[in-house]
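# Coordinate inspection notes
So you can see what is in the structure, the chains are spelled out below.
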Amino acid sequence: MTTRWSRRGLLTAAASTGTAVALGVPAQAHAAPQSAVRAAEADEFATLRAKWRTLILGEGFSPTAEPFKSRLTELGATAAQLQSAMAPASGSLWPDLVYADPEPDTDQESYGYSGNLHSSYNRLSTLAQAYCQQGTGRTGDTTLRTAILTGLDHLHTEVYHAGQTRYGNWYSWQIGAPQALLDVCVLMYDSLSATQIANYVSAVDHFVSDAAVASYSGTSTGANRVDLCRVLALRGIVGASAAKVALARDALSPVFPYVTSGDGLYRDGSFVQHTTVPYTGSYGSVMLGGLGMLFALLTGSTWQVTDGNRQIVFDAVENAWAPFLYNGLVMDGVSGRAISRGVSAADAQQIQQNDHLRGHPILASIVLLGQSASATENARWRGLVKGWIQRDYYSPPMSDPSLGLTGLARLKGVVDDTTVTATAEPTGHRLFTGMARATHRRPGWAASISMADRRITYYETGNGENLRGWHTGSGMLYWWGDTYANGQYSDAFWPTVDPYRLPGTTASRKTLADAAGGDWGASLPDVNWVGGATDGQRAAIGQYLKGLQSTLMAKKSWFCVDDAIVCLGAGIKCTDGTTVESTIENRNLGPTGSHAFTVDGTAYPATCPWSQQFTGARWAHIGGMGGYVFPGGTTFTALRDSRDGRWSDINKGGSTTVLTRRYLTLYVDHGTNPTNGGYAYLLMPGATAAQTQARATATGWLSVLANTDGQQGVSVPSLGFTGVNFWFGGTVGDLVASDPCSVMISEKGDGTAAICVSDPMRMRTSLTLTWNRAVSAVLSKPSTVTSATTGSSLQLTFGDLTGTAGATQKITVRLG
């Protein structure tokens, strides 16, 4: 749909550093005339500019078909508004984006000024896209072209040049502004003089020197490193520097290998950024998208990415990203401070960000990355993406107002591809010990658990964002249904929910200051026992919880089985002088929701506000959501209330518009300064009231084997399931452990069993586990098992487990 970019025959903008060797020219060509070499080099740079132009403008869609026609019209209208408002002046290009900092430093105010510089270049990029795209009404408009060139020169003369010292946020100078600037340079290349190009690349060289990627550390890791490589690659292509493009390609290599700590991808599928923050859904999205674009750009060129470790990225699509994608959304537990970016105060269109809108670009990035993967991988991924698109009833991707034309075009290509069959949501359990997260996916629903330990922060705040995410790592249990409850965390949840009552968490009501604990994931609980054991379908998971800036301590366990998650809490103690609560549920009912609520067969008022304490309750049910079973009966409080909040309450850049949402909250009040509090309940997503009642009356379905400060465990005889978290060594049911560990046993109908064991603390140099069950033979075992004795009982002796990173050690046996 776009007009192909016309190529320049020769670049005179900047001196090329390319030689026959740098360009990878065959040895026999070394004697070629330099004029021929320069011509070939220039032609390759022109080819790469044309490819990048296509990557940022999109391809394969009709400008007269929806949703593209409307989007292009909107782009043209936006460009007209921006062009009209542009007013070059000292300190600004647009009056509402002042970048001149009267006191340049790195405080929050300076972050704002540097952010305005970034935003100014982004606006020029918008103008350039409107100029180059067909169907905008401004395509090829000479006055628009003049405005773009004027803006580029103004920003260069005033602030983004080689003589400027940066202030505010490093990101604005090294990634945000230069990425947008170089995109504009590619789009407007034929309209730029050699002097302009030289000026702009000189500015980029000043702020993003080769030293920016000299060491894989600090702000040059993971997604940030990929972004820096994009800047270097485009600088090389625009400024005709083979050395810069080669540097960008080579500097990608440290991103690929698996890591065992800090930033990057882990073998278990974890992705961490900022050293301590699970970030698959935010920085991970940026990294995936950036790699997809760079792979596509450089494929077939002199600088093609050939590092064999790039396969790790391809493997990560299904190992790291897919587990956190559900019905088109990406789970908030791996999106860090991005969960607080709802509606920006500066966003006149009031487009909300949420888990769905963060998920859609990941789908588009997977489609793009597939172009560089094997045919088999590409076909498989397109099936996954098609399924996610079709199932996202809450926020259809093809109507996503924040997804760019290129992303829409990639997704539309999958939708229209009749050779692609939509893949169903997978079922199974994934435990991500590298980032203290877990996902449990069953037919009809999915859940995720967020924890924190000595390596993974309670939560991340920074840049004035996510100011009240304090307890999101305190065992928050998220869940979604297949055709319901997909807006639970999307519909203004974060600015309106009580941040002390996040579902699944145990928390002190001690008042915390905004951004308590420090920026960039600085606060880490002094605990080691966080993790669990899984066979890939079921799991035993545990978290030794210490509260943020609190004396709270608790042992929390989740046993994930076929249609439920069994949740146990024990040893809950605190001396904060405040109430401690464990939140069973906190359902977002929307602005006017009045879902039915039933306890032990009795329906309770749908009026709001309303609250009641229940004693000895056996089960509860929320209409259209699911059920909750309390083994042996429990005391809990139910609360219906309307809560007001603003995005600006949790993000300084957020909208100040007051929002109201209704909630139905179920929580256990452990009282003030509890000494040994506890709880036990089953979560049954999607269960009807009748199914919930039936489970409550089936008293033999579940046996709570232990729920103490020393051990927590359950068995479900009908499933052949036993799960025990040994906080200390001891005996629970038929299991005896010499030391702390997590154990999950699944007995099969064919007379075999899988015993899954882990060392969540990563400290065991030896461990002995006895299962008092007749076992006739050990069928398989890992090398960590140094001896296995069978007979009337099974005794397993493990050697050094410190190097297993908390991963499950699976042993299969034949029962006697």
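Each chain carries its own residue numbering, running from 1 in the direction its sequence is written. Local features are withheld for residues below a pLDDT of 70 in this predicted model, meaning they are given only at 70 or higher, and side-chain atom pairs are given and counted only at 80 or more; totals for whole chains, interfaces and linings count all residues. Calculated side-chain values reflect all of the structure's heavy atoms, with hydrogen atoms and water omitted.

### Side note on helix 9 (residues 283–298)
- For helices the rule is a DSSP run of H or I covering at least 4 residues; for strands it is a run of E covering at least 2, with both sets numbered from the N terminus onward. Helices are assigned an expected span. That span is 1.5 Å times one less than the residue count. Counted at 1.5 Å a residue, the expected span for helix 9 with its 16 residues is 22 Å, and the 22 Å between its end C-alpha atoms agrees.
- For helix 9, the tally of buried residues reaches 15 of 16 residues, placing the bulk of the element in the interior.
- Just downstream of helix 9 lies Gly300, where phi reads positive at about 85 degrees. Classification of residues uses two cut-offs on accessible area relative to the type maximum, computed with a 1.4 Å probe and protein chains only: under 20% is buried, over 50% is exposed, and between them is partly exposed.

### Notes on the pattern of salt bridges
- By definition, a salt bridge exists where a carboxyl oxygen of Asp or Glu is found within 4 Å of a side-chain nitrogen of Lys or Arg. Counted under the stated rule, the structure contains 29 salt bridges.
- Among the salt bridges present, the one from Lys244 reaches Asp205, with a minimum N-O distance of 3.7 Å. Residue Lys244 is found in helix 8 (residues 242–251), and its partner Asp205 is found in helix 6 (residues 194–207); the two are separated by 39 residues along the sequence.
- Lys244 sits in the buried class, given a relative accessible area of 12%.
- Residue classification places Asp205 among the partly exposed positions, given a relative accessible area of 25%.
- Among the salt bridges present, the one from Arg509 reaches Glu581, with a minimum N-O distance of 3.6 Å.

### Focus on the sheet that holds strand 9 (residues 476–481)
- Any two strands between which DSSP finds at least two bridges are classified as paired. Spatial ordering of the open sheet is given by 6-7-8-9, a layout of 4 strands whose pairing is antiparallel. This sheet does not close on itself; its edge strands, each paired only once, are strand 6 (428–432) and strand 9. Taking each pair of neighbouring strands and ignoring which way they run, the sheet shows an average axis angle of 10 degrees.
- Of the strand pairs in this sheet, strand 8 (residues 445–450) and strand 9 are connected by 6 bridges, and their pairing is antiparallel. The residue bridging Ser450 from the neighbouring strand is Met476, located in strand 9. Inter-axis angles, ranging from 0 to 180 degrees, are taken between N-to-C directions of lines fitted to C-alpha atoms, where helices are fitted over the stretch in contact.

### A short note on a negative patch on the surface
- Like charges are joined within 9 Å and nonpolar side chains (Val, Leu, Ile, Met, Phe, Trp, Tyr) within 5 Å, but only among residues with over 30% relative accessible area and no salt bridge; these make up the patches. All accessible areas in this document rest on Shrake-Rupley with a 1.4 Å probe, and a residue is counted as covered only by the protein chains that are shown. Neither His nor the chain ends contribute to the count of charged residues, in which Lys and Arg are positive and Asp and Glu negative. Every charge is mapped onto a representative atom, which is NZ of Lys, CZ of Arg, CG of Asp or CD of Glu. There is a patch of like negative charges on the surface, built from Glu103, Asp105, Asp107 and Glu109.
- The residue Glu103 is located in the loop between helix 2 (68–85) and helix 3 (108–132) in this model.
- Assessed through its relative accessible area of 55%, Glu103 is described here as exposed.

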